[in-house]
Amino acid sequence: MTVRTLPDTLMLAEVAADWLAQRVALKPELTVLVATGQTPMGMYGRLAARVQAGTLDCSQVTAVQLDEYSGLAPEDPRRLRDWMMTSFVTPLRILKVVPLDDPATFTAELEALGGLDVAILGLGPNGHLGFNEPPSGPDAPTREVALTPESLLSNRHYWNGLDVPTRAVTAGMDVILGARETLLLVSGAHKRAILGAALDGPETPEVPASYLRRTALTVLADQEARP
């Protein structure tokens, strides 16, 4: 496990972009699990700028969706697939996407690709990864889940007053922990306690992120988030 503390979110975004760009350079056909949420957006913007400048080619990358709300119409503005497309897939000119519509189809497509090379993750306020809400053990599969009050509250500000759906489909802990490398991005003082539990507390289903210590993990956190 490598843990780096950066002075602010701007530097976190730049270092994170460097991290992924280096891996794309080594393996252009990288398979990447893509988190949405606020923290990775700076990273994605910097990667997009490099693509536009011609210094980074992501055309052979496969983007894999991490999670999706259940029961939304295709045109619903809360769809996480659309957020992934707008922030990551389209600006990085990625041509291949594995959507998370049906758990069985998703699992089969991912197996056909040989699994994940990289998982890009944020850290939920209760230690969730994707929507693997506590308690979620390391073998938890891709499935539909009920969202916890903590997740509903933390997602509320994204949707301009619209209600947060109460159920979602998430890539399983088994998928996430199976990635050959993992990048965890954490920012803000409100994440300090849960980051400490994930990095230094016991491995427990009550903090799903604690199992990331079993992986080839790089943690980038700003100063406010670092315990």
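Look above for the structure.
So, a few notes on the structure that sits alongside this text. Predicted, not measured: the structure shown is a model, and the values here were computed from it.

### Things to note about the nonpolar core
Point 1. Core analysis: the biggest nonpolar cluster contains 78 residues, and Leu-20, Leu-47 and Phe-88 have the highest contact counts within it.
Point 2. When residues of this core are assigned to their parent elements, the largest contribution, 8 residues, is made by helix H1 (residues 9–26).
Point 3. If near-sequence neighbours (up to four positions away) are discounted, Leu-47 is found in contact with Ala-17, Leu-20, Ala-21, Leu-56, Phe-88 and Leu-92.

### Things to note about H1
Point 1. Compared with an ideal rise of 1.5 Å per residue, which puts 18 residues at 26 Å, H1 spans 26 Å between its outermost C-alpha atoms and is within 8% of the ideal.
Point 2. Among the residues of H1, those classed as buried are Leu-12, Ala-13, Val-15, Ala-16, Ala-17, Trp-19, Leu-20, Ala-21, Arg-23 and Val-24.
Point 3. Looking at where H1 begins, the residue whose side-chain oxygen comes 3.2 Å from the main-chain nitrogen of Leu-10 is Asp-8.

### Re the packing of aromatic side chains
Point 1. The tally for this structure, following the rule as stated, stands at 6 aromatic pairs.
Point 2. With 6.1 Å between their ring centres and 75 degrees between their planes, Tyr-69 and Trp-159 make a pair best called edge-to-face. Of this pair, Tyr-69 sits in strand S4 (residues 67–69) while Trp-159 is found in the loop between helix H5 (149–155) and strand S8 (167–170), placing the two residues 90 residues apart along the sequence. Judged on exposure class, the residue Tyr-69 and its partner Trp-159 are both buried.
Point 3. Aromatic pair Trp-83 and Trp-159: ring centres 5.7 Å apart, planes at 85 degrees, arrangement edge-to-face. Here Trp-159 lies in the loop between H5 and S8 and Trp-83 lies in helix H3 (residues 80–89), a separation of 76 residues in the sequence. When sorted by exposure, Trp-83 lands in the same class as Trp-159, which is buried.
Point 4. Members of the aromatic cluster, each reached through a chain of ring pairs, are Tyr-69, Trp-83, Phe-131, Tyr-158 and Trp-159.
Point 5. The positively charged end of Arg-23 is found above the aromatic ring belonging to Trp-19, 3.8 Å away from the centroid.

### Concerning the packing of H1 against helix H2 (residues 41–53)
The relative placement of two packed helices comes down to the angle between their axes together with the axis-to-axis distance.
Point 1. Put simply, H1 and H2 touch, their axes get as near as 8 Å, and they point 55 degrees apart. Accordingly, the angle class assigned to the pair H1 and H2 is oblique. The chirality of how H1 crosses H2 is right-handed. Touching Leu-10, Ala-13, Glu-14, Ala-16, Ala-17, Asp-18, Leu-20 and Ala-21 of H1 are Gly-42, Met-43, Arg-46, Leu-47 and Arg-50, all from H2.
Point 2. Looking at side-chain class alone, the contact of H1 with H2 contains 8 nonpolar, 1 polar and 4 charged residues.

### Remarks on the sheet that holds S8
Point 1. Within the open sheet, the 3 strands sit side by side as S4-S8-S7. Their pairing is antiparallel. Sheet topology places S4 and strand S7 (143–146) at the edges, where each strand pairs with a single neighbour. For this sheet, the mean angle separating the axes of adjacent strands, direction not counted, is 30 degrees.
Point 2. In this structure, S7 lies alongside S8, joined through 4 bridges in antiparallel fashion. Considered in S8, the bridge of Glu-144 is made with Val-169.

### Considering unusual backbone geometry
Point 1. Put simply, Pro-134 and Pro-135 share a cis peptide bond, and its omega is 0 degrees.
Point 2. Relative to the helices and strands, Pro-135 is located in the loop between strand S6 (118–122) and S7.
Point 3. A positive phi angle, close to 60 degrees, is found at Arg-93, a residue other than glycine.

### Digging into the sheet that holds strand S9 (residues 181–186)
Point 1. Strand order in the open sheet formed by 7 strands is S1-S10-S9-S6-S2-S3-S5, and the pairing between neighbours is parallel. In this open sheet, the two strands that pair with only one neighbour each are strand S1 (2–6) and strand S5 (96–98). With direction set aside, neighbouring strand axes in the sheet form an average angle of 20 degrees.
Point 2. Summarising the sheet, strand S2 (residues 31–34) and strand S3 (residues 62–65) pair through 4 bridges and their orientation is parallel. Counterpart to Val-32 in the pairing with S3 is Ala-63.
Point 3. Most of the contacts of H1 go to S9, to which it runs at about 170 degrees, and overall it touches S1, S2, S6, S9 and strand S10 (217–222).

Rules used in this analysis
Residues numbered from 1 in each chain as written. Predicted model: local features only at pLDDT ≥ 70, side-chain atom pairs only at ≥ 80, totals over all residues. Heavy atoms only, no water. Core = buried A, V, L, I, M, F, W, Y, C linked by side-chain atoms within 4.5 Å. Buried < 20%, exposed > 50% of the residue type's maximum accessible area, 1.4 Å probe, protein only. Helix = DSSP H or I, 4+ residues; strand = E, 2+ residues; numbered from the N terminus. Contact = heavy atoms within 4.5 Å. Expected span 1.5 Å × (residues − 1). Polar contact = N/O pair within 3.5 Å; in protein donor to acceptor, adjacent residues only side chain to side chain. Phe/Tyr/Trp six-rings, centres within 6.5 Å; stacked < 30°, edge-to-face > 60°. Lys NZ or Arg CZ within 6 Å of the ring centre and 35° of its normal. Axes fitted to C-alpha atoms, helices over the stretch in contact; angles between N-to-C directions. Parallel < 35°, antiparallel > 145°, perpendicular 65-115°, else oblique. Left-handed = near helix turned anticlockwise from the far one by under 90°. Nonpolar A, V, L, I, M, F, W, Y, C, P; charged D, E, K, R; others polar. Pairing = 2+ DSSP bridges.

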